[in-house]
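# Structure at a glance
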Amino acid sequence: MSPLKKALQRFPEWKENMPFDIVAKHQERSYSVAQVVNGIIPTLQHGHDGLIFTCVETAYAPGTDEKILKWKPPSENSIDFRIELRFPPLHTDSTECDWTAKPVFLLNQWCGGDRYEFFDEMEVDDDEWEQ
């Protein structure tokens, strides 16, 4: 936040043209969960959908970080993508699927209601498929 604040002081015209606001989130220790839920969350200027517990001793990791615990109430859980598996046909009968082969993984994006549309193909290597 400090570099941004300094830049905006030096170039105040930037603030008028910023397409969005940048706000630092308040951080609390895990033993303050009651204070977060009862005191901080009700005063947020924006909505929230859960809590994120990060490890104080590890560096930030882009992508999936197994040292982070995310919690959402059941009412806030959503499925934004659905995976469609397309299995290849059997070599002996092209009208039947080969359920033992690795399929193609199609990622479908949720569009609301019960409607999904194709988003992209997801790469899954052989080791991941075996797991």
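Our structure is the block above this text.
Our subject in this report is the structure included herewith. (Residues numbered from 1 in each chain as written. Predicted model: local features only at pLDDT ≥ 70, side-chain atom pairs only at ≥ 80, totals over all residues. Heavy atoms only, no water.)

The next thing to look at is the pattern of salt bridges. A complete count under the given rule lists three salt bridges for this structure. Between Arg86 and Glu84 there is a salt bridge, and its shortest N-O distance comes to 2.8 Å. Classification of Arg86 by relative accessible area gives partly exposed; the value is 49%. With a closest N to O distance of 3.8 Å, Glu117 and Arg115 form a salt bridge. (Salt bridge = Lys/Arg side-chain N within 4 Å of Asp/Glu carboxyl O. Buried < 20%, exposed > 50% of the residue type's maximum accessible area, 1.4 Å probe, protein only.)

Next up on the list: the pairing of strand E4 (residues 104-110). Pairing between strand E3 (residues 81-86) and E4: six bridges, direction antiparallel. Counted as the bridge partner of Ile83 is Leu107 from E4. Sheet analysis places E4 next to strand E5 (residues 116-122), joined by six bridges and oriented antiparallel. Across the sheet, Phe105 pairs through a bridge with Met122, a residue of E5. Hairpin connection, E4 to E5: the antiparallel pair is bridged by five residues, and Gly112 has positive phi, about 105°. (Pairing = 2+ DSSP bridges. Helix = DSSP H or I, 4+ residues; strand = E, 2+ residues; numbered from the N terminus.)

A contiguous nonpolar surface patch, about 300 Å² in accessible area, is contributed by Met1, Phe20 and Ile22. Structurally, Met1 can be placed in the segment before helix H1 (2-10). (Patch = residues over 30% accessible without salt bridge, like charges linked within 9 Å, V, L, I, M, F, W, Y side chains within 5 Å. Areas by Shrake-Rupley, 256 points an atom, 1.4 Å probe, with all protein chains shown as cover.)

Moving on, we come to the side chain of Asn108. On the secondary structure map, Asn108 appears in strand E4. Since its relative accessible area comes to 7%, Asn108 is described here as buried. Within polar-contact distance, the side chain of Asn108 engages the side chain of Glu84 at 3.3 Å. Aside from chain neighbours lying at most four places away, what touches Asn108 is Asp80, Phe81, Arg82, Glu84, Tyr116, Glu117, Phe118 and Phe119. (Polar contact = N/O pair within 3.5 Å; in protein donor to acceptor, adjacent residues only side chain to side chain. Contact = heavy atoms within 4.5 Å.)

Moving on, we come to the sheet that holds E5. A sheet is described by the order of its strands in space; here three strands give the open sequence E3-E4-E5, paired in antiparallel fashion. Each edge of the open sheet carries a strand with a single partner, namely E3 and E5. Going from strand to strand, the sheet's axes swing by 35° on average, the running direction of each strand aside. (Axes fitted to C-alpha atoms, helices over the stretch in contact; angles between N-to-C directions.)

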